[in-house]
Amino acid sequence: MNLTLKIWRQKDAKAAGAIETYQVSEISEHMSFLEMMDVLNERLITEGKDPVAFDHDCREGICGMCSMYINGEPHGPDRGVTTCQLHMRKFKDGDTIHIEPWRAQAFPIIKDLVVDRTAFDRIIQAGGYVSVNTSGNSQDANAIPIPKEDADNAFDAATCIGCGACVAACKNSSAMLFVSAKVSQLALLPQGQVERKDRVLNMVDQMDAEGFGNCSNTGACEIECPKGISLENIARMNREFISASISKG
Amino acid sequence: MSSQNKALGSSIARKFAMALSGLFLLIFLLQHLIINFTSVISADMFNAASHFMGTNALVQFALQPVLAFGVFFHLIMGMVLEMKNRSSRPIKYAYSKPEESSTWMSRNMIITGIMVMLFLGLHFYDFWLPELKTKFIDGVWNIDNRYFHELQEKFMDPVRVGIYVLAFIFLALHLMHGFQSAFQSVGFRHNKYTPIIKKVSTIYAIVVPAGFIFIAMFHFLAH
Ligand code: SF4
Ligand code: FES
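The notes below deal with the structure included here.

Reading the values: the criteria
- Residues numbered from 1 in each chain as written.
- Chains lettered and ligands numbered in written order.
- Predicted model: local features only at pLDDT ≥ 70, side-chain atom pairs only at ≥ 80, totals over all residues.
- Heavy atoms only, no water.
- 1 Å grid on protein atoms, 1.4 Å probe; cavity = no way out; pocket = protein on both sides within 12 Å on 5 of 7 lines; lining within 4 Å.
- Points joined across faces, edges and corners; volume = space filled by probe spheres on them.
- Helix = DSSP H or I, 4+ residues; strand = E, 2+ residues; numbered from the N terminus.
- Core = buried A, V, L, I, M, F, W, Y, C linked by side-chain atoms within 4.5 Å.
- Buried < 20%, exposed > 50% of the residue type's maximum accessible area, 1.4 Å probe, protein only.
- Domains from an automatic or database assignment.
- Contact = heavy atoms within 4.5 Å.
- Buried area = accessible area lost by both parts, 1.4 Å probe.
- Salt bridge = Lys/Arg side-chain N within 4 Å of Asp/Glu carboxyl O.
- Polar contact = N/O pair within 3.5 Å; in protein donor to acceptor, adjacent residues only side chain to side chain.
- Near = heavy atom within 4 Å.
- Nonpolar A, V, L, I, M, F, W, Y, C, P; charged D, E, K, R; others polar.
- Pairing = 2+ DSSP bridges.

## Comments concerning the layout of surface pockets
Quantified by volume, the second largest pocket comes out at close to 480 Å³. Taken together, the elements giving at least two residues each to the lining of the second largest pocket come down to strand E4 (73-74), helix H4 (165-169) and helix H7 (220-224) of chain A together with helix H3 (57-87) and helix H5 (109-137) of chain B. With three residues, H3 of chain B is the largest single contributor of residues to the lining of the second largest pocket.

The following block contains the structure:
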């Protein structure tokens, strides 16, 4: 198929960017979206032009690196997939495809479609961990009984790959879905109890300090999240935060 | 280091406060509708209810200030949050399809909210200011049959009735998202109860504003 691509190009963090138009031809419907981008980039390189910079790593939906705002939605029009898992069969011959980077104050653009998501790393560093005794006599995690429902919910929350599509989708650029997934994952498990209160307070604090917006429950994050992280996690984080704030003063 | 030590410093505390003030206003609104509805049944009943609300010390000096604060707080906090949210995305998307993942009502709370607040300005001008004047400037506290008459007079004007109808449509849109959203904000989410809350929310958001519209139209047409 032949396609028209309208892509955000921006030389570096400081440069003013603009949308540029490219034509690509003979794109197979079996290609992934990133393979289509590779076709474009190979051509740009042979023409001696600067290829379009975009993030990617695993190309199988597990690393969370790919991050394109495609036709007005993070990770494109398909549900439950990352950009690397999006197939070209979702598009038709002759389509125009709009491709932009995640847009948020807290995710500054590095180049073209690549944004700096280290704000997420700093939120994790603020509390997204458990302290484990590493002196050689630590207990086997499997020896601690955990109710099935809690284990399932913790696992579901843990499937968040930190891609940032929730922030990109949210009209407020709120990071609540991501942070709530990380808070929930540990709050539900016995190993997470020791730092439970400090964790939620510190992670929310860091989230606010990074300049993400306020959640207004539009639910766009849940719909656009490639891993189906539920709003249930945000409600849990709200509870965790309020009770920790009260008991910790 | 942490902002949670400052009152309403954190995003979640603000969200929580927004939800609580909203839930409080929802209760007030229902109470207001019930009292207004008596005007459709009988003028005497409406006068009696209004006189009670207008002269009862608990209502006047405890509930009314709380209500005024609630309205003011909800408005100001709504604006503060909106400004913060706008600044969180300084460069907008050139091409965006928000309707794919969220409702118009949820994305436009500030617009529907401001419309309702503008209407409240008119409402205060129509009913509250005359009420204050009667009570505190003219010193008249004991005439208990004037309310129904005042109400009828206001709803004779088709323009005013039109504005009322429009304002309540905005209120309905605001409540469709606001009611159920408040529960999520305070952390109440449950597989069994959340779908029920959503249904009740939609019913409330339609029935309560429709009730106010009905009352305005009733008095307009009764003339
Ligand atoms: S919650 Fe979903 S959208 Fe947000 S970072 Fe995690 S996987 Fe990505
Ligand atoms: S490249 Fe790893 S999730 Fe897409």
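## Considering the nonpolar core
Judged by nonpolar contacts, the single largest core of 70 residues is most densely connected at Leu5, Phe33, Met37, Met88 and Phe212 of chain A. Looking at which domains feed residues into this core, each of domain 1 (3-110) and domain 2 (117-248) of chain A supplies at least three. Beyond its immediate sequence surroundings of up to four residues, leucine 5 of chain A is in contact with Glu20, Thr21, Tyr22, Val24, Met36, Leu40, Ile97 and Ile99 of chain A. Leu23, Val116, Leu171 and Val208 of chain B belong to the second largest nonpolar core, which has 32 residues in total.

## As for the interface of chain B and chain A
Between chain B and chain A, the contact holds 39 residues from the first and 50 residues from the second. Across the interface of chain B and chain A, roughly 3700 Å² is buried in total on both sides, 48% from carbon and sulfur atoms. Contact with chain A buries area across many residues of chain B, yet Ile12, Tyr93 and Tyr95 of chain B alone supply 18% of it, more than any other trio. Where chain B packs against chain A, one counts zero salt bridges. In this structure, the connection of chain B to chain A is made through 26 residue pairs in polar contact (both at pLDDT 80 or more).

## Things to note about the site of ligand 1
Residues and elements named next belong to chain A. Around ligand 1 lies a shell of 14 residues, among which Cys160, Cys163, Gly164, Cys166 and Cys225 are the nearest. Mapped onto the shell around ligand 1, the elements with two or more residues apiece are H4 and helix H5 (176-187). A per-class count over the shell around ligand 1 returns 11 nonpolar, two polar and one charged.

## Side note on the sheet that holds strand E2 (residues 18-24) of chain A
Residue and element names in this part refer to chain A. Strand order in the open sheet formed by five strands is E2-E1-E5-E3-E4, and the pairing between neighbours is mixed. What marks the edges here is a single partner per strand, and that holds for E2 and E4. With four bridges connecting them, strand E1 (residues 3-9) and strand E5 (residues 96-100) associate as parallel partners. Residue threonine 4 lies in a different strand from E5, and its bridge partner there is threonine 96.

Any functional reading would require information beyond the geometric quantities listed.
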